[in-house]
Amino acid sequence: MNDPSFFGDLSSFIRNTEEQLKENNIKLEQYVSDIKDLAGFLPGAKKFPTACQNIEFMTKHHLLEKCSCYDPEPKDIQKFLEHVLKVLNKGTGCEEKVLEMLLILASKEGITLPIRSSSVDQVTESAVSLNAVLNQSEQINEALWDEISAHLKKYFMDKLSKLPQNGRADENDDIRIECVHSLCALFPVDQVWSSYRNLRLRQVDACCRSEATSSGDDAILASDHFQNIGREIEAMINSDFTLLLSGVFSEVAMTFKAIHELYLSRLSDELSLFVDLVCDKITDTNQNDSNSKPKPKRKPSKDSLDVLKSTNNDLVDHVKEKLNLKPSGSLDSLLSIQEGQMIQPNITVEMLLAISKVVDCLIRIENQVSELHKMVIWESMDTDGRPVKGKTNIKGVLKSSQESDSTVLNKAVQGFKQQNMLMSSDDFDSDMSVCSINLTLQSTDSALFKVIEKLPNEEKPKWSWRLSMRPLMKDTAQSVEFQLSNVADEQLQVEGETLVSSGRIKAVDVCQGLVGGRLDYPSRIPESVSMLLSTIDAIIPLAVAGSDGSMVALRSSFINTLALILKSYQQHILKVSKMLPAKCHVESVYLVLSGAAMIRNQLMYYDHLFNGDNRMKSFDVLYRQFSGLVENIGTSLIDYHSNVLSNSILHDAESHHFTDSKEFYEGDRCSFSLQMWNLYMTTLTYDLWRTCPGVAARNIFSSLLSESVEILTNRYIAVKPSYRRCSQYRGDITTILLCVSEWLYQAADSVTKILDVCLEDTPYYSIHTNCNLLLSALAIVASPLDILYRCFKKGFKKGTHKKKRRSHEDEQSNPGYESQWLSWIRPSLYLTHQTSYGDMQTTTALYIQLKLLFSQPHMSWHLLLEAILMKEYALSILLLTQINLATEQKLCGLALEVPQRRSKPKTAANMNCGQLFCQEPCMMSSVSAIDNVFVPFLETLACCTHFPESISKVLMTVIDRSDGWRWFDVDIIEGDTSPFPHWLEAIFTLLKPIITSLIKGVVKILQERPSFNNDIDKLMSSLSELPCGCSQTYRQSKQPQDQLITASKHCVYELLDQMYTIPTSLCVLFKAIKTNLQSKEMTSLCGCPSLQLMVHYLRVKLQDVENIEQICGERMKATTKDNLCSLSNSLCHVFLSVGSHPRQSPRSKNDRHFIREHRGTLQEKVEALMEYFNDEMFDYPEDNIVEGATEGFVHHLMISQTASILDTQQGPKNLYYIYKLLKINFHWIEKQLDITALLPGQPPSDDDGSSLIVNLISDSSSSSCCQKLNPMDAFSKIGNNQFNQEAIMSFEYDWTHLLSSDLGLSETGFRQLLYSRHEMADNAYLEENEKKPVHTLKAKFDIEPADLV
């Protein structure tokens, strides 16, 4: 009670209660006033001063009873029903409208209709008492109504039967629910359910019969047809789940019990027929082979292997459920196979694949039903569907609470559009054969009422389809073991023979969409591993199904066989790795490394399939063994390359003879060994990037780079070059530093390992340390003597201290850091003490990020996203502004400098790249030339929830530079026919879902209802006066105008309501646009730029008939097209007539009538909308989330944002397109950023970056991360720059600043390097001007004999 929050909650509760009481008092006063008004309208009533006196007088004199209408005469009802039946029998397709009119008469006029409240038949005349008097008129009316209801029932049942199963699911589900509700308005619910159930049973039977007729006795063909049946039933289950969950059949049918009876039971019957067919085939095969000898072990044919390989992509996509592995015994009781001998099983590989397809289909449906069951309960379930026990002690209170068994789904369906003719069974009187329907119909654009179903905790019926598979278990288990073992033996034998003959292994490319990632998938694997994994993926549904029941033994067989096979592969991989280098090529070791990594990843995938998130893993031991195998092979490769580098590449007697008194090639070039080292590392990068997993390849390369740089460092700090070899010494160290500065991008995966490395980053810290040592050796040994003398003539510490005291504000006086050598080798790119992007200029940071991105082994999505977002979206602004300007020049007829590339049209046949594990549609093959480059950028930025200002900051710059503000002026909304700019089309693309839903609703109103005719008009005019003498309150207007007004009302109100669903990033953009419009003294529609864009875009789309037909999937009638055109114009006139400053008055009569009725409501909605978009939550954030953050935080943030982008439908495609766009235009971007080349004097290249390429060629062959390597070209380059010997030998250093800076040397190290100079030798020849500096330095730094050790 002493908690301050308690009193705050109590005061808030009291305040809310007082407000509620005030509202209740206001409502009571309104009700009292209404009663007084009602008393004044009743005939014979008197007005009294108080409401109590009025009520007392009305009750005492029975005024309400006297004013009520009498029931109509049966003859009048008979006449009306005969007319209704006559209209229906003409077959004009007006059944839905007739039913609507009947319900309107019942609800608004109170006419009693003879609707039965139960399915009990009428009492026949033979059972009626002899003294009973029958009313012939009532019997005739009931007969007429029965005929009318039967006609309507036939219509709605036919409509249900014609609904496609695999069409637009949402639209078909809405139509299905509307038809069922219409039937429930005419018949009892149990009778409607019975009719619907029979309809579904007939549809399932028809599907099964058609497939059975075409398949015949072929088991393989029967499996394909079984999959077709499964797909049809999947669609039916989804549709019926939506229908049953709406609550319409809640009293007569349980959801999952109905699904089990309708579909799962029939699937079990079809499975039994399939099993019998396979058993018959096995029996026939055994009878034919009974007189022959047992077949020995044989190897599968090439055709069988091709069959296994081709089924990989069809089966692996559907096996996704998390299952538990129950303990089971060995297969000794089922498989009696002697060691070294395997009998050919009765089930062939083709038949095994057929069984696997059937099981995969059953698992998919079983998973579907399980997921649907989880949707309607709140109870936590484990992977087997068993409830998880709740907490039993006080400690469990602090953890996530467990829902009780009584927890139900309170709200079953939201957002379903219910038909106005909906009627519940509670409205029927159970004691009467007729009832009065008193429904208050709402407007056509809103639901009558919301369906809320409180389901009991329904148990899902157990589907025991695995029992039907029992007759095949023994033969299937034998076949699984036989096929896996034979494929493995065949592939290992073929690979071994190829390896012995040529020293190489055949490779298969992996789909680039799978390469990389968190599991580090390789880009190429051995063909043997590909065949084995394809075989496993083809038959793994059989093992996945073995979670329980009779198929547990099959899973055990699969696991045991796979474990033996993978151990054989493990031994084979170890054997290949030991053959290097004598008996195999190093590329073969790369491939077996990739194969081991692929098997490692697949083992994790198999464990996930079998056990889900459980701790018990079937392949845990094998996974750890293959993980260690990958590391061991990587270590052996590092050792091999290190030996080659140290013993071969980095040795050259002539180049390394630094004490020679003769110049090396007259001082015009560096050592040959360094240029060969550069070539070797370049080709190593190509091979590793092309084959190995990305992380493993980068680790190997970075380790080798560290070891080779350490070897070179130890060599050059110990060298004492002669006077003639000093230029070579300086050129060699410069070459090393230049090469390492380029290779750091390949070795690192983040900018911190380039600029701000720490001690824990083992290879990178060593690389930077050794490069700093080389720079120190260069500065001390190769610098001019006079400059060295000026800097150190007063001693080591005094010289540096004096320099610091003299220029304490200079950057060069700051203490050293690990990556400082980069600022000396590339001073134009790396400034001193810039260790993060926050310290750098925008151009430099963008270049380093892009260079790092394109140097990775595989595409790194988080680095790409960081490049798009960094430095206030500078890269996105640069590209999009230039593309927009180029596009506008093209539209204006000017010369366009952007070369256009045509891409091949995509068809269904080439949506798959054809590589291993490719899933359709493939991300790499589905990217074609995009007409609007803004779309992938804006869709990507819209997914970055932590950067809501991203779209605004990018597009505001584009709009400013292209003078696009006119598109937000209210005058352009009407009559402007100019094409939209690309940036505006991209905004419309983000708004497309909202516009599409509006168009579907409008078309449904204008077209789905049948047209009115004279018979429908006569249906209402036949009762121009009610039997009681009252006039009708409902008057039917002319249909075309009614449809148009209804469509206008739906469009306007839905548009205003949907504005609140606009993404936050666009709301920030619209607020920024409004602020700029105010400064420019421009006005948008209703003062709301977002509303103007939506109205403008909707107006254009309503006039695009082809687009509407594509959205709705049907042809438009001529009247509908005219109505859509009228509606588009009416929409502009309506919004131009509302707001604080109306622009014009409505032109048409319908628009004026609509404005008069809805002006107040529209004005309120527009004001609320303006207030919403003016909210401060749409302002630019004061602080950027990445500003001042560490690189580690930014790294994890980018990974999180990338994951959310990749989860969207277009996310992978957009990121891949942006990646290709940036990569193909890298030289253009480099030129725009004004980046200085690594070495001066670079010759012009074919791609000089003079033009921007927008349209890309989508080609799966060009999606590889590595282009073909040209050794001669690589020999003459450092990275992408020419190996210019002249520029290297004449590389300029600021020797004074370099020697004055903190090089990280101790005085002992300085002395050793100092005495490596040729002038410091005892017998050195010195010029006259060199004697004093040398004697002074020797005096200051006299080296002791102990220092030389």
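Source: prediction; values computed, not measured.

Quick word on the overall build of the chain
So, step 1. In terms of regular secondary structure, the chain is built from 47 helices and 4 strands.
So, step 2. Relative to all contacts within the chain whose residues are 6 or more apart in sequence, the contacts with residues 24 or more apart total 79%.
So, step 3. Accessible surface computed for the chain: about 64,600 Å², of which carbon and sulfur atoms make up 50%.

Looking at the nonpolar core
So, step 1. Phe249, Phe558, Trp677 and Ile987 are the most contacted members of the largest nonpolar core, which has 353 residues in total.
So, step 2. Tallying contributions element by element places helix H28 (residues 861-891) first for this core, with 16 residues.
So, step 3. In this structure, Ile987 is in contact with Leu938, Leu955, Leu1066, Leu1069, Phe1070 and Leu1093, ignoring residues within four places of it in sequence.

Re the confidence of the model for the chain
So, step 1. Chain-level statistics for the chain give a pLDDT mean of 77 and a share of 74% at 70 or above.
So, step 2. Here residues 380-455 is a poorly scored stretch, pLDDT under 50, and it has 141 contacts once near neighbours within four places are set aside; other chains count.
So, step 3. For the stretch residues 891-910, pLDDT sits under 50, and the model shows 27 contacts to residues farther than four places along the chain or on other chains.

Remarks on the side chain of Gln834
So, step 1. Position of Gln834 among the secondary structure elements: in the loop between helix H26 (820-825) and helix H27 (842-854).
So, step 2. Apart from residues lying up to four places away in sequence, Gln834 is in contact with Leu755, Tyr817, Asp839 and Met840.

Quick word on the pattern of salt bridges
So, step 1. Applying the stated criterion across every chain, the model contains 30 salt bridges.
So, step 2. Two residues, Glu587 and Arg690, come together in a salt bridge whose shortest N-O distance is 3.4 Å. Linking Glu587 in helix H17 (residues 586-611) with Arg690 in helix H19 (residues 672-691), this pair joins segments that are 103 residues apart in sequence.
So, step 3. With relative accessibility at 30%, the residue Arg690 sits in the partly exposed group.
So, step 4. Note that Arg725 is salt-bridged to Asp660, the shortest N-O span being 3.5 Å. Highlighted residues: Arg725 in the loop between helix H20 (694-718) and helix H21 (726-747) and Asp660 in the loop between helix H18 (620-649) and H19, separated in sequence by 65 residues.

Re the packing of helix H24 (residues 785-792) against helix H47 (residues 1328-1340)
So, step 1. With their axes 10 Å apart at the nearest point, H24 and H47 run at an angle of 40° to one another. Classified by the angle their axes make, H24 and H47 are oblique. The hand of the H24/H47 crossing is left-handed. Between H24, through Leu785, Leu788, Tyr789 and Phe792, and H47, the contact on the second element is made entirely by Glu1330, Lys1332, Pro1333, Val1334, Thr1336 and Leu1337.

So, helix H41 (residues 1211-1224)
So, step 1. The end-to-end C-alpha separation of H41 is 20 Å, in line with the 20 Å expected for 14 residues at 1.5 Å each.
So, step 2. For H41, the buried fraction is high: 10 of the 14 residues fall into the buried class.
So, step 3. Where H41 is concerned, the buried positions are Gly1211, Asn1214, Leu1215, Tyr1216, Tyr1217, Ile1218, Tyr1219, Lys1220, Leu1221 and Leu1222.

Focus: the packing of helix H35 (residues 1064-1079) against helix H36 (residues 1089-1102)
So, step 1. For the pair H35 and H36, interaxial distance at closest approach is 8 Å and the crossing angle is 110°. On the basis of their axis angle, the class for H35 and H36 is roughly perpendicular. Residue-level inspection shows Phe1070, Ile1073, Lys1074 and Leu1077 of H35 in contact with H36, the latter providing Pro1089, Ser1090 and Leu1093.

Here we look at helix H2 (residues 51-60)
So, step 1. Among the residues of H2, those classed as buried are Ala51, Asn54, Phe57 and Met58. The buried side chains of H2 occupy one side of the element, clustering within an arc of 130° when seen end-on. Facing away from the buried side of H2, by more than 90 degrees, are the exposed residues Cys52, Glu56, Thr59 and Lys60.
So, step 2. Among the residues trailing H2, His62 stands out with phi positive, at a value near 55°.

Brief notes about the environment of Ser727
So, step 1. Assignment of secondary structure puts Ser727 in helix H21.
So, step 2. Accessibility expressed as a relative area gives 25% for Ser727, which makes it partly exposed.
So, step 3. Separated by 64 residues in the primary sequence, Ser727 and Glu663 place their C-alpha atoms 8.6 Å from one another.
So, step 4. Dropping the residues within four chain positions of it, Ser727 is found in contact with Gly667 and Met1289.

Structural notes on the packing of aromatic side chains
So, step 1. Using the criterion set out here, one finds 35 aromatic pairs in the structure.
So, step 2. Ring geometry for Tyr155 versus Phe156: centroids 5.1 Å apart, planes at 75°, classification edge-to-face.
So, step 3. Given the relative accessible area of 25%, Tyr155 is considered partly exposed.
So, step 4. Given the relative accessible area of 1%, Phe156 is considered buried.

Let's talk about the environment of Leu262
So, step 1. On the secondary structure map, Leu262 appears in helix H10 (residues 255-288).
So, step 2. Remark: the alpha-carbon pair of Leu262 and Ile237, spanning 25 residues in sequence, is separated by 9.1 Å.
So, step 3. Filtering out sequence-adjacent residues up to four positions away, Leu262 remains in contact with Trp193, Arg197, Arg200, Leu201, Val204 and Asp240.

As for a nonpolar patch on the surface
So, step 1. Together, Leu10, Phe13 and Ile14 make up an exposed nonpolar region whose accessible area comes to about 300 Å².
So, step 2. For Ile14, the location among the structural elements is in helix H1 (residues 4-41).

Concerning unusual backbone geometry
So, step 1. With omega at 0°, the peptide bond leading from Leu580 into Pro581 counts as cis.
So, step 2. Take Pro581: it is sitting in the loop between helix H16 (552-578) and H17.
So, step 3. In this model, His833 sits at a positive phi of 60°, which is unusual for a non-glycine residue.
So, step 4. Mapped onto the elements, His833 comes out in the loop between H26 and H27.
So, step 5. Given the relative accessible area of 28%, His833 is considered partly exposed.
So, step 6. Its identity is not glycine, yet Glu1081 carries a phi of approximately 55°, on the positive side.

Thresholds, definitions, all that
Residues numbered from 1 in each chain as written. Predicted model: local features only at pLDDT ≥ 70, side-chain atom pairs only at ≥ 80, totals over all residues. Heavy atoms only, no water. Helix = DSSP H or I, 4+ residues; strand = E, 2+ residues; numbered from the N terminus. Contact = heavy atoms within 4.5 Å. Areas by Shrake-Rupley, 256 points an atom, 1.4 Å probe, with all protein chains shown as cover. Core = buried A, V, L, I, M, F, W, Y, C linked by side-chain atoms within 4.5 Å. Buried < 20%, exposed > 50% of the residue type's maximum accessible area, 1.4 Å probe, protein only. pLDDT = per-residue confidence, 0-100. Salt bridge = Lys/Arg side-chain N within 4 Å of Asp/Glu carboxyl O. Axes fitted to C-alpha atoms, helices over the stretch in contact; angles between N-to-C directions. Parallel < 35°, antiparallel > 145°, perpendicular 65-115°, else oblique. Left-handed = near helix turned anticlockwise from the far one by under 90°. Expected span 1.5 Å × (residues − 1). Arc of directions from axis to C-beta. Phe/Tyr/Trp six-rings, centres within 6.5 Å; stacked < 30°, edge-to-face > 60°. Patch = residues over 30% accessible without salt bridge, like charges linked within 9 Å, V, L, I, M, F, W, Y side chains within 5 Å.

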